[in-house]
Structures are given as structure tokens and as C-alpha cells.
Amino acid sequence: MTAAHPAGAQVGAVVVAAGRGERLGGGVPKALVEVGGRTLVARAVDGLRRAGVATIVVVHPPSEADAFAAVLHDTSILAPGGEDRSASVRAGLDALPPDVTLVAVHDAARAFTPPEVIAAAIRAVTGDVVAAAPALPVADTLKRVDGDDVVATLDRAGVVAVQTPQVFPRAVIRAVGVAGASATDDLGLVEARLAAGELDGRVVWVPGSPRALKVTYPDDLVIAEALARGEASAT
Ligand code: C5P
């Protein structure tokens, strides 16, 4: 499928895949873990391509360039990652060709994000929208804790859990990321600039998908394998 890109935008993606995946275990970088016979990073790249994104930078652990090139078959631009996720995003942005004007930043760990969800996040960045991401309403009851103590119940109404890809005009993500800011979530960097009055515009969310789970712990691989089996039987 092809995304209806905002008028005139050249869409590119940065797939951050430079984490070691220590919570997952297994001794290989998480993005190279195979699920249903394909690596998470290859699945993430494929989802972006099916959403109509042609230019994709994959940010890998610096020592793993050959292993990533082998699974991606030259279809992506490779860039070595940094110390934390934000540094890896910056490395990916630096490697994007100059004609890219709209950037989708995606976690390789969210390898099963449906192309429709990716396309919807891209379409949302138009007019005064300076950032968009898929998100899901929260099913669990949320508590604030202090050590072992539960101290408050949070109001779940109006709370969503955000996923990736997170999409921005290139100039916006460049501007909020350059100062060496560190975040687990790029949207947060934009929100902070808006709150400080240093940027104008809106951050919006579009409906995400349970399939866009972030593969983090070994149990997540059981779900991911089931998703892969479902995809295989649907084709
Ligand atoms: O560790 P966590 O799962 O939160 O990482 C989210 C994403 O950021 C993963 O896809 C991981 O590969 C990536 N990452 C990165 N460079 C780092 C740390 C994390 O690209 N230094």
C-alpha cells in the first residue's frame, strides 16, 4: 500500500536498532533476533516499505554493520548508532539524504506495526501538526508508587500509551534533538519545546495497534511468534 503523503513531502524513515536488547537476552542485538524466520529489523523495514516509505536509514550497533547488511540486502542506508536512543536517532537523521522533508522514527523492536498505522501517522503531519504518533488507550489501572508503597490511582481517562513510528517535519526533529537531549520518546522532546513556547504547532496521536508491541522481554517473543504465524497463514 502507498501512504497518501502530505502534499510535496519526501518521506524518509530512521529505524533505531542499535540497542543491545539486554532485557531480551540471547546474546545477539535484539533487532537481529529472528521471529518466524525473519529478523525484527527486516520486518520493521518491510512494514515501512509497505506503507510507502522508500528511503530508510537503519541505525545499528557499531560493531554489527556486516550482520545488518546481510539481513537487509542493501535496501536500506546503514548508520552506526550512539550511546543511547537519542544519539542513535541523531545518527540516523544525519544519514538521511538531503531531499527528505518528513521523517518517521521507528523502533526496530516494534517490528509488527501494521503498514496502515504507519501510513496514518505519516498522513497526520500536515497543517500545524509538528509531530504525530500511533497510540493506544490504556487498559490497565495506573497507580503512582513510591518504592513498595502504592500512593495514588491515576485517572486513566485521557491517557494513551504511545508507539512508533513517530513522525515529524525533518527541521523539527533536527531542532529538538540537536542539543544532545536524551529521551526514550522523541515526541516528548517536541512537547517540551511547545510547552516552553519555543515552537508552535500541535502534537497529535492516531489509533495504534496491539500488534505494534515493543518486543522487550522473552515473553514478548511468544506473542511475536504468534503474530508471525498469523501473517504467514494470511498470505
Ligand atoms: O531499549 P529500548 O527497547 O527502549 O530501545 C528502543 C529502541 O531504541 C530499540 O529499537 C533499540 O534498538 C533502539 N536503541 C538504539 N540505540 C541505543 C539504544 C536503543 O538505537 N543506544
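The structure presented is a predicted model; accordingly, all values stated were derived computationally and were not measured.

Engineer: Please set out the layout of surface pockets residue by residue, giving values where relevant.
Structural biologist: Any empty space left between the atoms is revealed when a probe the size of a water molecule rolls over them. If you add up the space inside the largest pocket, you get close to 670 Å³. The wall of the largest pocket is formed by 28 residues, among which Ala18, Gly19, Arg20, Arg23 and Arg85 lie closest to the centre. Broken down by element, the residue count for the lining of the largest pocket peaks at three residues, all from helix α3 (residues 85–95). Residue composition of the lining of the largest pocket, by class: ten nonpolar, nine polar and nine charged. Its boundaries defined by the atoms lining it, the second largest pocket holds a volume of some 370 Å³.

Engineer: A description of the site of the ligand should follow, citing residues and the corresponding values.
Structural biologist: Near the ligand you find 15 residues, and of these Val16, Ala18, Gly19, Ser88 and Lys214 are the closest. In this structure, an oxygen atom belonging to the ligand sits 2.8 Å away from a side-chain N or O atom of Lys214. In isolation the ligand has 460 Å² of accessible area, and contact with the protein removes 83% of it. In a pocket analysis with a 2 Å cut-off to the grid points, the ligand is assigned to the largest pocket.

Engineer: Quick one: what's the story with the pairing of strand β5 (residues 77–80), residue by residue and with numbers?
Structural biologist: Bridge count between strand β4 (residues 55–60) and β5: four bridges; the pairing is parallel. In the sheet register, Val59 faces β5, and the bridge partner there is Ala79. Crossover β4 to β5 through helix α2 (residues 65–72) is right-handed.

Engineer: Summarise the packing of helix α1 (residues 40–50) against α2; cite the residues concerned and give the values.
Structural biologist: If you want to describe how two helices pack, look at the angle between their axes and the distance between the axes. Two elements in contact, α1 and α2, have axes whose closest approach is 9 Å; the angle formed by their N-to-C orientations is 50°. Between α1 and α2, the angle is such that the two are oblique. At the point where α1 passes α2, the crossing takes the right-handed sense. Contacts between α1 and α2 pair Val41, Ala42 and Val45 from the former with Phe68, Val71 and Leu72 from the latter. Residues that form the contact of α1 with α2 fall into these classes: six nonpolar, no polar and no charged.

Engineer: Before we move on, could you go through the environment of Gly47 and cite the residues and values that matter?
Structural biologist: Structurally, the position occupied by Gly47 is in helix α1. When the C-alpha atoms of Gly47 and Gly127 are compared, they prove to be 26 Å apart, with 80 residues separating the residues in sequence. Apart from the residues lying within four places of it in its own chain, the contact partners of Gly47 are Pro115 and Ile118.

Engineer: Describe the packing of helix α5 (residues 170–177) against helix α6 (residues 186–195), naming the residues involved and giving the relevant values.
Structural biologist: Remark: α5 packs on α6, axes separated minimally by 9 Å, with the N-to-C direction vectors making an angle of 85°. With respect to α6, the element α5 is oriented roughly perpendicular. Of α6, the residues touching α5 (which contributes Val172, Ile173, Ala175 and Val176) are Asp186, Leu189, Val190 and Arg193. Among the residues making up the contact of α5 with α6, the classes are represented as six nonpolar, no polar and two charged.

Engineer: Residue-level account of the nonpolar core, with values.
Structural biologist: In this structure, Val15, Val41, Ile56, Val58, Phe68 and Phe112 are the most contacted members of the largest nonpolar core, which totals 43 residues. Element by element, the count of residues in this core is highest for helix α4 (residues 115–124), at six residues. Filtering out sequence-adjacent residues up to four positions away, Ile56 remains in contact with Ala13, Val15, Val45, Leu48, Arg49, Ser76 and Ile77. Ranked by size, the runner-up nonpolar core spans 22 residues in total, among them Ala18, Val103, Ala131 and Leu187.

Engineer: Tell me about the pattern of salt bridges, residues and numbers included.
Structural biologist: Opposite charge on two side chains permits pairing when their charged atoms draw close. Across all of its chains, the model carries nine salt bridges by this definition. In this structure, Arg50 and Asp46 form a salt bridge, with 3.3 Å as the shortest nitrogen-oxygen distance. Of the two residues, Arg50 and Asp46 are both situated in helix α1; the distance of four residues between them amounts to about one turn of the helix. Across the salt bridge formed by Asp186 and Arg85, the nearest N and O atoms sit 2.9 Å from each other. Taken as a pair, Asp186 in helix α6 and Arg85 in helix α3 lie far apart in primary sequence, 101 residues in all. You'll find Asp186 and Arg85 in the same group, each marked buried. Several salt bridges share partner residues, and in doing so they unite Arg38, Asp46 and Arg50 into one network.

Engineer: Tell me about α6, and name the residues and values.
Structural biologist: Among all positions of α6, only Asp186, Leu187, Leu189 and Val190 are buried. All buried residues of α6 fall inside an arc of 160° around its axis, so they share one side. Backbone geometry just downstream of α6 places Gly197 in the positive-phi region, at approximately 75°.

Parameters at a glance
- Residues numbered from 1 in each chain as written.
- Predicted model: local features only at pLDDT ≥ 70, side-chain atom pairs only at ≥ 80, totals over all residues.
- Heavy atoms only, no water.
- 1 Å grid on protein atoms, 1.4 Å probe; cavity = no way out; pocket = protein on both sides within 12 Å on 5 of 7 lines; lining within 4 Å.
- Points joined across faces, edges and corners; volume = space filled by probe spheres on them.
- Helix = DSSP H or I, 4+ residues; strand = E, 2+ residues; numbered from the N terminus.
- Nonpolar A, V, L, I, M, F, W, Y, C, P; charged D, E, K, R; others polar.
- Near = heavy atom within 4 Å.
- Polar contact = N/O pair within 3.5 Å; in protein donor to acceptor, adjacent residues only side chain to side chain.
- Areas by Shrake-Rupley, 256 points an atom, 1.4 Å probe, with all protein chains shown as cover.
- Sits in = over half its atoms within 2 Å of the grid points.
- Pairing = 2+ DSSP bridges.
- Right-handed = clockwise from strand over helix to strand, strands pointing away.
- Axes fitted to C-alpha atoms, helices over the stretch in contact; angles between N-to-C directions.
- Parallel < 35°, antiparallel > 145°, perpendicular 65-115°, else oblique.
- Left-handed = near helix turned anticlockwise from the far one by under 90°.
- Contact = heavy atoms within 4.5 Å.
- Core = buried A, V, L, I, M, F, W, Y, C linked by side-chain atoms within 4.5 Å.
- Buried < 20%, exposed > 50% of the residue type's maximum accessible area, 1.4 Å probe, protein only.
- Salt bridge = Lys/Arg side-chain N within 4 Å of Asp/Glu carboxyl O.
- Arc of directions from axis to C-beta.

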